[in-house]
Amino acid sequence: MRGEMSMDAVRLLKQLIAIPSVNPMGRTVTGDIYFEGRLTQFLCNYFAELGVEYESIEVVPGRNNVIARTTPKPGVPTILMDVHQDTVPVEGMIVPPFEGTEKDGKIYGRGACDVKGSMAAMLMAFTRLVKDNPPNAANVILSCTCDEEATVKGINHLVQLSENPSGLSKILTEPPDLGLVAEPTMLDIVVAHRGATRWKIKTKGKACHSSQPNDGVNAIYKLADVIKALQTYADELSGWDAHPLCGPPTLSVGVIEGGESVNIVPDWCTIEIDR
Ligand SMILES: [Zn+2]
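Predicted model, so just to flag it, every value in this text is computed and none were measured.

Criteria and cut-off values
- Residues numbered from 1 in each chain as written.
- Predicted model: local features only at pLDDT ≥ 70, side-chain atom pairs only at ≥ 80, totals over all residues.
- Heavy atoms only, no water.
- Pairing = 2+ DSSP bridges.
- Helix = DSSP H or I, 4+ residues; strand = E, 2+ residues; numbered from the N terminus.
- Axes fitted to C-alpha atoms, helices over the stretch in contact; angles between N-to-C directions.
- Contact = heavy atoms within 4.5 Å.
- Salt bridge = Lys/Arg side-chain N within 4 Å of Asp/Glu carboxyl O.
- Buried < 20%, exposed > 50% of the residue type's maximum accessible area, 1.4 Å probe, protein only.
- Patch = residues over 30% accessible without salt bridge, like charges linked within 9 Å, V, L, I, M, F, W, Y side chains within 5 Å.
- Areas by Shrake-Rupley, 256 points an atom, 1.4 Å probe, with all protein chains shown as cover.
- Core = buried A, V, L, I, M, F, W, Y, C linked by side-chain atoms within 4.5 Å.

Draft legend 1. View of the sheet that holds strand 3 (residues 78–84). Here five strands make up an open sheet; going across it, the order is 1-2-6-3-7 and the pairing mixed. Where the open sheet ends on each side, the last strands, each with one partner, are strand 1 (53–60) and strand 7 (178–181). The average undirected angle you get between the axes of adjacent strands in this sheet is 20°. Alignment of strand 3 against strand 7, held across four bridges, turns out to be parallel. Bridged to Ile 79 within strand 7 is Leu 178. Lying over the sheet, helix 4 (residues 153–163) contacts strand 1, strand 2 (63–69), strand 3 and strand 6 (139–145), oriented at roughly 120° with respect to strand 1.

Draft legend 2. The arrangement of the pattern of salt bridges in detail. Tallied over the entire structure, the rule returns eight salt bridges. As a salt-bridge pair, Arg 69 and Glu 53 come within 2.9 Å of each other at their nearest N and O atoms. Of this pair, Arg 69 sits in strand 2 while Glu 53 sits in strand 1, placing them 16 residues apart in sequence. Under the relative-accessibility criterion, Arg 69 is labelled buried at 17%. Several salt bridges share partner residues, and in doing so they unite Glu 36, Arg 63 and Asp 147 into one network.

Draft legend 3. Main features of the sheet that holds strand 9 (residues 252–258). Reading across the sheet, the three strands line up as 8-10-9 and stay open at both edges, with antiparallel pairing between neighbours. Each of the sheet's edge strands pairs with one partner strand only, and the pair in question is strand 8 (198–204) and strand 9. Within the sheet, the average angular offset between the axes of one strand and its neighbour, ignoring direction, is 20°. Across seven bridges, strand 8 lies against strand 10 (residues 268–274) in antiparallel orientation. Bridged to Lys 204 within strand 10 is Trp 268. Where helix 5 (residues 219–237) meets the sheet, it contacts strand 8, strand 9 and strand 10, and its direction lies at approximately 20° from that of strand 10.

Draft legend 4. Structural context of a nonpolar patch on the surface. Together, Ile 189, Val 191 and Leu 245 give the surface a local cluster of nonpolar side chains, amounting to about 400 Å² of exposed area. For Val 191, a relative accessible area of 69% gives the class exposed.

Draft legend 5. Looking closely at the nonpolar core. In terms of nonpolar packing, the biggest core is built from 31 residues, with Leu 43, Phe 47, Leu 123, Phe 126 and Leu 142 touching the most fellow members. Put simply, the parts of the chain that give this core at least two residues each are helix 1 (2–17), helix 2 (37–50), strand 2, strand 3, helix 3 (116–132) and strand 6. In contact with Leu 43, not counting residues within four places along its chain, are Val 66, Gln 85, Met 119, Leu 123 and Cys 144. Counting nine residues, the second-largest nonpolar core is a separate cluster that includes Leu 223, Leu 237, Cys 269 and Ile 273.

In structure tokens:
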């Protein structure tokens with residue numbers, strides 16, 4: 001039985017890899033490998049065939065979250081399992097991205113690890129739960145969200161649904177008791193996350209020829225003051241109370257760009273910050 005289940009999971013994973021759902025990551029692109037639409041349709045068909053209640057909810061035009069649940073029972077906790085539908089792009093890959101190539105007991109392809117492997121496992125677990133319907137099992141909601149790799153619109157929409165029920169979803173009408181998020185962790189259970197926020201700071205100046213710098217305003221010099229202040233703040237953060245698992249908060253300036261040419265006083269400069 002266990003062998004059959006794992007073979008089904010392997011077959012399912014290969015099917016999922018063969019359905020491209022590449023996140024354009026903010027780029028303007030065209031082509032049938034982009035966005036989650038084909039995988040969304042596959043998931044809807046899957047849940048329909050399984051005979052469970054499911055919803056496909058548009059988050060932004062053409063990009064949907066798919067949510068399914070086991071038949072709800074009173075008096076037991078609700079567990080939400082979440083897995084994202086999209087993958088990162090395929091540029092630079094040295095294996096065929098959409099073939100699910102099996103080699104030395106491993107499967108290769110875009111999303112095999114992040115995160116269609118976990119999607120196959122969650123779909124199999126959900127399917128088994130539905131078919132076996134064990135007594136005392138928790139209520140399980142399986143959410144397959146869009147746009148995780150770029151701007152996390154899918155999961156934000158899902159959280160909003162559960163916290164501020166608007167009638168848009170009949171399945172997710174309150175926050176679940178527990179959440180289980182599929183991400184590659186080398187099979188470790190991860191119970192805390194540092195979170196991240198990233199932003200840009202831009203200074204503006206006034207351009208002029210570098211032989212007469214007093215005629216302009218140097219945007220790089222202006223941003224240098226900001227960078228110095230951020231560095232001081234980053235040093236302070238390292239002394240803040242450390243989370244037992246995640247450590248102290250951090251800040252890092254990772255990218256700097258500015259100016260057009262060495263002989264022009266720059267009228268713009270930007271940095272990108274990861275906090
Ligand atoms: Zn992922």
